[in-house]
Amino acid sequence: MNTKTVGVIGAGTMGAGIALVCARKGHEVKLLDANQAVLEKANGYLQSTLSRDVEKGKISEEQKQQTLGQVDFVSDMERLASCDIVIEAVPERLDLKKTIFSELSRICRCDALLLTNTSSISITEIAGGLPHPERILGFHFFNPAPVMPLVEVIQGKKSSEENMQTAYRFAEELGKVPVRVTDTPGFIVNRIARPYYNEALRIHGDHVADVAKIDRIMKLAGGFKMGPFELQDMIGIDINFATTQSVYNDFFQEGRFKPSRIQQRMVQAGSLGRKTGEGFYDYN
Amino acid sequence: MTTTDQAVALVGKSPLYAELYELLNEKGYRVLSLGEALKTPEEVQLAVEVNSLDLKEKEEQLQALDRLLPPHVPIVTTSLAITATEAASWTLHPERICGFGTLAPLAERQLIEIAPALQTEEATIRKAESFFQSLGKESELVEDEVGLVFPRILTLIINEAAFALMEKAATPHDIDVAMKKGTNYPYGPLEWADRIGLDEIYAISRGLHRDLAEERYRTAPLLRKLVLAKRYGVRSGQGFYSYEQKKGREA
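So, how was this worked out
Residues numbered from 1 in each chain as written. Chains lettered and ligands numbered in written order. Predicted model: local features only at pLDDT ≥ 70, side-chain atom pairs only at ≥ 80, totals over all residues. Heavy atoms only, no water. Domains from an automatic or database assignment. Helix = DSSP H or I, 4+ residues; strand = E, 2+ residues; numbered from the N terminus. Polar contact = N/O pair within 3.5 Å; in protein donor to acceptor, adjacent residues only side chain to side chain. 1 Å grid on protein atoms, 1.4 Å probe; cavity = no way out; pocket = protein on both sides within 12 Å on 5 of 7 lines; lining within 4 Å. Points joined across faces, edges and corners; volume = space filled by probe spheres on them. Nonpolar A, V, L, I, M, F, W, Y, C, P; charged D, E, K, R; others polar. UniProt positions renumbered as here; feature names shortened; annotations may be inferred.

Asker: When you look at the domain arrangement of chain A in this model, what are you seeing that I'm missing?
Answerer: When the parts of a complex come together, some accessible area is lost, and that lost area is often taken as the interface size. According to the domain assignment, chain A consists of domain 1 (5-182) and domain 2 (190-276). Computed from C-alpha coordinates alone, the two centres of domain 1 of chain A and domain 2 of chain A are separated by 29 Å.

In C-alpha cells, the structure reads:
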C-alpha cells in the first residue's frame, strides 16, 4: 500500500475519528479546523485513544508516537494543496460544504480526490457548477468512525467510475468495508433504516403496542441488538427526526418516509434521549 | 420437552407450516392435517391455521376448522396479511379465534406475538399463550393490526430495500452489507427476506396497503413480481439471490 497525504476538514468527533483511521494506516494527515480549541480537543482525543491502545498492549509507545507524528494540525486551507485525497467532515450545511468544495477546487491538484462525509446532502448538488466534478464523491463513515466498519462510497451525477474505484480501494486500505451507492436520498443505510424508527413510532402512536413492548419484541422476536426506541434515545431523537425529515423532503414528500408527529413533539419538548436525561425512557 | 400425545391440527400454506410441523413434532404433539382432523375432531386440542398469501384459501380453511371442531377448541391464525378480527368474522364461533404472528425460521424466534381479535374471549387468549409457551417461546400480547409488530416493521424495511434495488441505487450484496455493517442488523434485508419467504413478506405488505390504504405501505413492484414468478427465496432456489448454484455444489 502506498501512503498518501490526506486532508481532513473539520476536527469535530467525525473529523478527528477519520484522521485517526487514516493516521493508523500510515497516511500523512492534515487535520484542518478554523477553530484552534477544536483542534486542541482533537489532539487530546488522538493522544488519549492511542495511549489506551498502548495500555491494552495493542501498540508500542513508539508506534503511538509515530502515529501521532503522522497528524499535522492546520488552520489554513492552503496547506491542503499537496493532498492526494481530502475528506470533508464539517456540519451538514449545504452552503458550508459548497464554499469548502469551491475553495478546494481552486487549491488542490485537479487529480486530487475530493470526498464529502455527508449522510444526507446530495453529492451532485455539492459538486454542481465546480470544475472537475468527476473527482468529487461521497465517502460516508458511520459514528464512531474508528469503530464502525462501513463506508458508503457515493457516486454523484458527474463522479467518474475511475474515481469511484480509487475511493473504494482507499476505503479498503483503511481497513473499512466499502459499499457503492448512487446519489439517492439517505444513500443505503439512512434510507432503508427509516422504517425501523418510523414504523415503530406509528405502531406506538396507533397503540398496537407501547414503547417498551415494541423494543422487547424487536430484540427477542427479531434479533435486533437494540429496540427502535432505545436506539433513538441513544442517537438523539432530534438527530433521528432531522434525518427522517431530510430523506422525506429529498424524496419529494413520498408517503413511505412521512415523519412522525410523536417524534416531532418529543423534539419540541426537548426530550431528546440520553443526552437530555429523558427521551422515550427516563435516565434520571 | 412436553410429554403429551395431544393432537394439534395444522393447516395452511405459509412458509411457517413446515417450521411449525417440525417444532410441534419435536415438542411431542401429534400433528393432524385437515383431513385427519375431520376423522377425529374430538381429539383435537387446538388448531393452527397459517395461510397468508391466498386469503380465499385462508377463509375456507378457517371455516372448515370452525365447522369441524367443537366450539371450545381454540383456533390460532396468522394475522400477518389480515387482522384477526376479520378472520374471526368469517367464523360461527369468533370467540375461539386468536391471531398470532411470527416469521420463519422459528429457531431464531425467542418470542412470538399474540394478537387477540376484538371477538376473542379471555380463555382463548390464555390457551394460546400456554400453547406457545409449550413450544418453548415467550409471548407478548399486542393489539390486532395487520402484521403485528416485528413482521410489520421488518416488512417495511425489506420493502424499502426492494425499492432501492429496483432503482439500482446499489447491488443486493452492497445493500445487505451496508445494513449489517452500518447499523448492526442481524441480517441484510434482502438475504433475510430470502430466508423468510418473499411470499410471506409480500402478503404482509399487501395486507397493510389494503387495510390502512396509505402510500406508505405501497409494495415495491420488484417484490410483487418476484412473488408472481414464484421466486420465494431460499426454499424455491431463487429470490433476491439465486441459490441454484449452491445446491448444485452441495449435490
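So that's the structure; there's more coming.
Asker: I'm lost on the side chain of A:Arg191 in this one. Help?
Answerer: With respect to the helices, strands and loops of the structure, A:Arg191 is situated in helix α7 (residues 189-192). Among the polar contacts made by the side chain of A:Arg191, one reaches the side chain of B:Glu160 at a distance of 2.7 Å.

Asker: When you look at empty space enclosed by the protein in this model, what are you seeing that I'm missing?
Answerer: Empty space among the atoms becomes visible once a probe the size of a water molecule is rolled across them. Considering all chains together, one arrives at 2 cavities of 30 Å³ or more under this definition. If you add up the space inside the largest cavity, you get close to 50 Å³. With 3 residues, helix α6 (residues 150-166) of chain B is the single largest residue contributor to the lining of the largest cavity. Its residues assigned to classes, the lining of the largest cavity shows 2 nonpolar, 1 polar and 3 charged. As a volume, the second largest cavity reaches approximately 30 Å³. In terms of lining, the second largest cavity is formed by A:Arg194, A:Pro195, A:Asn198, A:Glu199, A:Arg256, B:Leu156 and B:Arg216. Tallying contributions element by element places helix α8 (residues 194-205) of chain A first for the lining of the second largest cavity, with 4 residues.

Asker: So what exactly am I meant to see when it comes to the UniProt feature "domain: 3-hydroxyacyl-CoA dehydrogenase NAD binding" (unreviewed entry) in chain B here?
Answerer: The feature "domain: 3-hydroxyacyl-CoA dehydrogenase NAD binding" (unreviewed entry), as given by UniProt, occupies residues 38-139 of chain B in the numbering adopted here. Within the segment residues 38-139 of chain B, helix and strand shares are 34% and 23% respectively, and the terminal C-alpha atoms sit 30 Å apart.

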